[in-house]
Amino acid sequence: MSTSLTKLVNGSSHATTSKAGPDPILLSLFANRFMSVAEAMGRSLQQTSTSTNIKERLDFSCALFEKDGALIANAPHLPVHLGSMSFAVKYQIDTLGVGPDAPSGQGIEEGDVILTNAPKAGGSHLPDVTIITPVFHPSSKEIIFFTASRGHHADVGGILPGSMPPTSTTIFEEGAQVNSFKIVRKGKYDREGLVKHFIDVPASYEGSSGTRCFRDVESDLKAQIAANRKGCQLISDMIAEYSLETVQEYMIHIRNNAESAVRNLLRTVAARNFAKTGNSILHAVDYMDDGTPIELKVTIDAEKGSAEFDFEGTGPEMRGNLNAPISVVYSAVIYCLRAMVDEDIPLNAGCLAPITLKIPPNSLLDPSDTCAVVGGNVVTSQRITDVVLLAFSACAASQGDCNNLTFGTGGVNEEGLFVEGWGYYETISGGAGAGEGWVGESGVHTHMTNTRMTDPEIFERRYPVILREFSIRHGSGGDGQYKGGDGVIRDIEFLAPIQASILSERRVHRPYGMAGGLPAKCGQNLWIKKTRKEDGDWRTPNDADRIISIGGRATVKMGAGDRIVINTPGGGGWGTPGQQQQKENTKPPTSAVAPVTRGSLAERNAMQLGV
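All residue numbers refer to positions counted from 1 along the written sequence of the respective chain. Where totals are concerned, whole chains, interfaces and linings use all residues; where local detail is concerned, this predicted model gives features only for residues with pLDDT of at least 70, and gives and counts side-chain atom pairs only at 80 or more. Derived side-chain values reflect all non-hydrogen atoms in the structure, with water molecules and hydrogen atoms excluded from consideration.

Trainee: Could you clarify how one ought to interpret the overall build of the protein chain in this entry?
Mentor: Numbering of helices and strands runs from the N terminus; a helix is a DSSP stretch of H or I covering at least four residues, while a strand is a stretch of E covering at least two. What the protein chain contains, in helices and strands, is 11 helices and 20 strands. Since a compact globule built from 611 residues should have a radius of gyration of about 25 Å, the 25 Å found for the protein chain is in line with a globular shape. Its C-alpha atoms give the protein chain principal-axis dimensions of about 85 × 65 × 60 Å. Per-residue accessibility, obtained with a 1.4 Å probe over protein chains only, is compared with the maximum for each type, and a residue is labelled buried under 20%, exposed over 50%, and partly exposed between these values. For the protein chain, the residues scored as buried account for 57% of the 611 residues in total. The contact criterion used throughout is that any non-hydrogen atoms of two residues lie within 4.5 Å. Considering only contacts within the protein chain whose residues lie at least 6 apart along the sequence, 70% involve residues at least 24 apart. In this description, accessible areas are obtained by the Shrake-Rupley approach with a 1.4 Å probe, and a residue is regarded as covered only by the protein chains that are shown. On the protein chain, roughly 25,400 Å² of surface is accessible, and the fraction owed to carbon and sulfur atoms is 51%. The charged-residue count follows a simple rule in which Lys and Arg add positive charge and Asp and Glu add negative charge, with His and chain termini not counted at all. Note that the charge is assigned to NZ on lysines, CZ on arginines, CG on aspartates and CD on glutamates. The positive charge centre, built from 57 side chains, and the negative charge centre, built from 68, are 2 Å apart in the protein chain. In this setup the radius of gyration rests on C-alpha atoms only. A globule is expected at 2.2 Å times the number of residues raised to 0.38.

Trainee: Can you walk me through helix α9 (residues 376-391) in this structure?
Mentor: Residues separated by three or four positions in an α-helix point in the same direction, a consequence of the helix having 3.6 residues per turn. Within α9, 15 of the 16 residues are buried, which leaves it mostly tucked inside the rest of the structure. At the C-terminal side of α9, Ser393 shows a positive phi close to 55 degrees.

Trainee: Any chance you could explain the environment of Ile235 here in plain terms?
Mentor: Along the chain, the position of Ile235 falls in helix α6 (residues 214-242). Sequence separation of Ile235 and Leu64 is 171 residues, and the distance between their C-alpha atoms is 9.2 Å. Other than its neighbours up to four places away in sequence, Ile235 contacts Val37, Leu64, Phe145 and Thr147.

Trainee: Just checking my understanding: could you explain the packing of aromatic side chains for this structure?
Mentor: How two aromatic rings sit relative to each other is given by the distance of their centres and the angle of their planes. Here a Phe, Tyr or Trp ring, Trp counted by its six-membered ring, pairs with any other such ring whose centre lies within 6.5 Å, and the pair is stacked when the planes are under 30 degrees apart, edge-to-face when over 60, and tilted otherwise. Counted according to the given criterion, the structure contains 16 aromatic pairs. Here the aromatic rings of Phe407 and Trp422 are separated by 6.0 Å at their centres, their planes lie at 90 degrees, and the arrangement is edge-to-face. Taken together, the residues Phe407 in strand β12 (residues 404-412) and Trp422 in strand β13 (residues 418-427) connect sequence positions 15 residues apart. Residue classification places Phe407 among the buried residues on the basis of a relative accessible area of 0%. Aromatic side chains Phe407 and Phe494 sit 5.2 Å apart centroid to centroid with 80 degrees between the ring planes, which places their arrangement in the edge-to-face category. Placement of Phe407 in strand β12 and of Phe494 in strand β15 (residues 487-494) is noted, with a sequence separation of 87 residues between them. We note that Phe407, like Phe494, is buried. Through pairs of rings, three or more aromatic residues link up here, namely Phe407, Trp422, Tyr424, Phe459, Tyr463 and Phe494.

Trainee: Please clarify how the packing of helix α5 (residues 191-203) against α6 should be interpreted in this entry.
Mentor: At a minimum axis distance of 12 Å, the contact between α5 and α6 shows a crossing angle of 125 degrees. Classed by the angle they form, the pair α5 and α6 counts as oblique. Relative to α6, α5 is oriented so that their crossing is right-handed. Residues Arg191, Leu194, Val195, Phe198 and Ile199 of α5 pack against Phe214, Val217, Glu218 and Leu221 of α6. Residues belonging to the contact of α5 with α6 are distributed by class as follows: 7 nonpolar, no polar and 2 charged. A fitted line through C-alpha atoms represents every axis, and for helices the fit uses only the stretch in contact; the resulting angles, taken between N-to-C directions, go from 0 to 180 degrees. Should an angle fall under 35 degrees it is called roughly parallel, over 145 degrees roughly antiparallel, and 65 to 115 degrees roughly perpendicular, with every other angle called oblique. The sense of a crossing depends on the near helix, which, turned anticlockwise from the far helix by less than a right angle, makes the crossing left-handed and, turned clockwise, makes it right-handed. When residues are sorted by character, Ala, Val, Leu, Ile, Met, Phe, Trp, Tyr, Cys and Pro go into the nonpolar class, Asp, Glu, Lys and Arg into the charged class, and all the rest, Gly among them, into the polar class.

Trainee: Is there a simple way to think about the layout of surface pockets in this case?
Mentor: A water-sized probe rolled over the atoms picks out the places where empty space is left. Here the term cavity refers to a set of points on a 1 Å grid, laid over the protein atoms alone, in which a 1.4 Å probe fits but cannot get out; the term pocket refers to an open set having protein on both sides within 12 Å along at least five of seven lines, with lining residues being those that place an atom within 4 Å of a point. Grid points are joined across faces, edges and corners, and a volume is the space filled by probe spheres set on the points. Taken as a whole, the largest pocket spans an internal volume of roughly 870 Å³. Lining the largest pocket are 36 residues; nearest its centre among them are Met340, Ser393, Ala394, Cys395 and Trp438. Counting residues per element, the ones that place at least two in the lining of the largest pocket are α7 (244-277), β8 (281-287), α8 (326-340) and α9. Examining the composition of the lining of the largest pocket, we find that 6 residues originate from one element, α7, more than from any other.

Trainee: Would you mind showing me how to read the nonpolar core here?
Mentor: Residues belong to one nonpolar core when they are buried, are Ala, Val, Leu, Ile, Met, Phe, Trp, Tyr or Cys, and are joined through side-chain atoms within 4.5 Å. Phe309, Phe311, Leu337, Leu365 and Phe392 are the most contacted members of the largest nonpolar core, which has 78 residues in total. It is α8 that provides the largest number of residues to this core, a total of 9 residues. Not counting residues up to four positions away in its chain, the partners in contact with Phe311 are Ile294, Glu295, Leu296, Val329, Val333, Lys358, Ile359, Pro360, Leu365 and Ile384. Listed in part, the 29 residues of the second largest apolar core include Ala31, Ile54, Phe60 and Ile239.

Trainee: How should helix α4 (residues 79-96) be read in this particular structure?
Mentor: For α4, which comprises 18 residues, the first-to-last C-alpha distance of 27 Å matches the rise-based estimate of 26 Å (1.5 Å per residue) to within 8%. We define the bend at any residue as the angle between the axes fitted to the seven residues before and including it, ending there, and the seven starting there. At Met85, α4 is bent by approximately 30 degrees, the largest bend along its length. Most of α4 sits out of view: 13 of its 18 residues are buried. Two residues or fewer after α4 comes Gly97, characterised by a positive phi angle close to 80 degrees. Between the first and last residue of a helix there are one fewer steps than residues, each counted as 1.5 Å, and that sum is the expected span.

Keep in mind these numbers describe shape, not what the thing actually does.
In structure tokens, the structure reads:
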């Protein structure tokens, strides 16, 4: 038995590693301990938050970082957050510095909590607000770790409720933008500064307003601060139990383990590709619905187990809002690498150690600071993922989209006055791509998003809507030896006049199949409109509702009784259709036991049946 394990069994509060390397049991223990800290942070955030976005949809992420900002461990939250939060932490370290004598004059000190959401400061898009808390050593007063949480806030201002405007052309139309703000300074909460950043500044731009629901935003930010504090306490407890030296040592071992796993993956891919093509170069290109290409060439050094990801050939930045900050590109790449590694490793900075990224400046994937970016985080990130997985021939494309739906009220009215209101935001599930040996799942959130749908009862209770239909869109998945998953149909009726917006992709280019599999069906967004005299389209009381295709990106003033119907894309198929599936590789059959209906739906059915 190793020295470290013997000491642990005997109850010692300190564990050490032998010269031969880390103890495998302790390596697993610390990996899970680090992850459990992030998971506890997430539970705290969910339980203490107010908004539907965070409490119900779970649109948040929590993670731990080294003193230099490198990602240590995370809970299984949103991949698009987790890969980019490291950029946000490093930006604050580089910009503010540490201690009262930092050149910036705003050095990070004990008792500080930092708020940021700007893309150039490591943000993804403006509704995703990051809260960063340093962990100081109790005696040396040096930073030893950081905890951070990122949550999607329902409204941070801008030109439309929900702060996800499909028509934005500059970042100033998308809401509050904060590079660095100490929301807590030496233990004192700065509410006046928060009001300035989230109400006054965004409202200074023409046509924009500050947040339409400041109380919800403030409440959720306080929940993020509390969640970070929970993480700080748990890390301190871990250090007291094992010592700082041991904790940091195993942190390095865990990162090295992830790096080794990715290097092994790259060597395996290089060998496979060399056997087929005679080289170790991978290539893929896919297109946004407007024709903008995302092109990738991966050059693998099989000896070193390293690779260069070169996005040369990708289109220029857009006038629209599908531009993706560079941190989002890193998120997509690190997610794909982790997903393709067939080992149980945490997603951390080690996954990117063997990787060099080359991204053309002023392109779709590295836009200028004033570009609109709200769709890059939730749409373009999915297409980057599709391109990486296509280059590695890993699986067929999933829906390649998040189907971002927002609606709400309030903001600046026609007289130029601010009216308090609210905003609702959701991403809608679709089909997952199939792969060699598995069929794609239907009606799931895929890849860069990992949120869930709002419960229908909560959805209808909190907002003036009726959920008319939420069902599987049968036949939308691509056919193949292994079929792609189906998308969904989401039909929402509005009970009051409301501004609704949809920001989506894969309405033109279909999610690709692989190895002979067929592509999936594209998505479609429909406005089911009542005819009205005031709209000029009323003829008789018996007029049928109008069915209007509104395209992939649109904002519509819905009337009472109008509906929006979102048909989401499916996932591509794998393998030639008609080929027999290999039984040993297919997913196990689902249980034959009929599902039991519970909750309010069961009560309603019972009432209707008179039970």
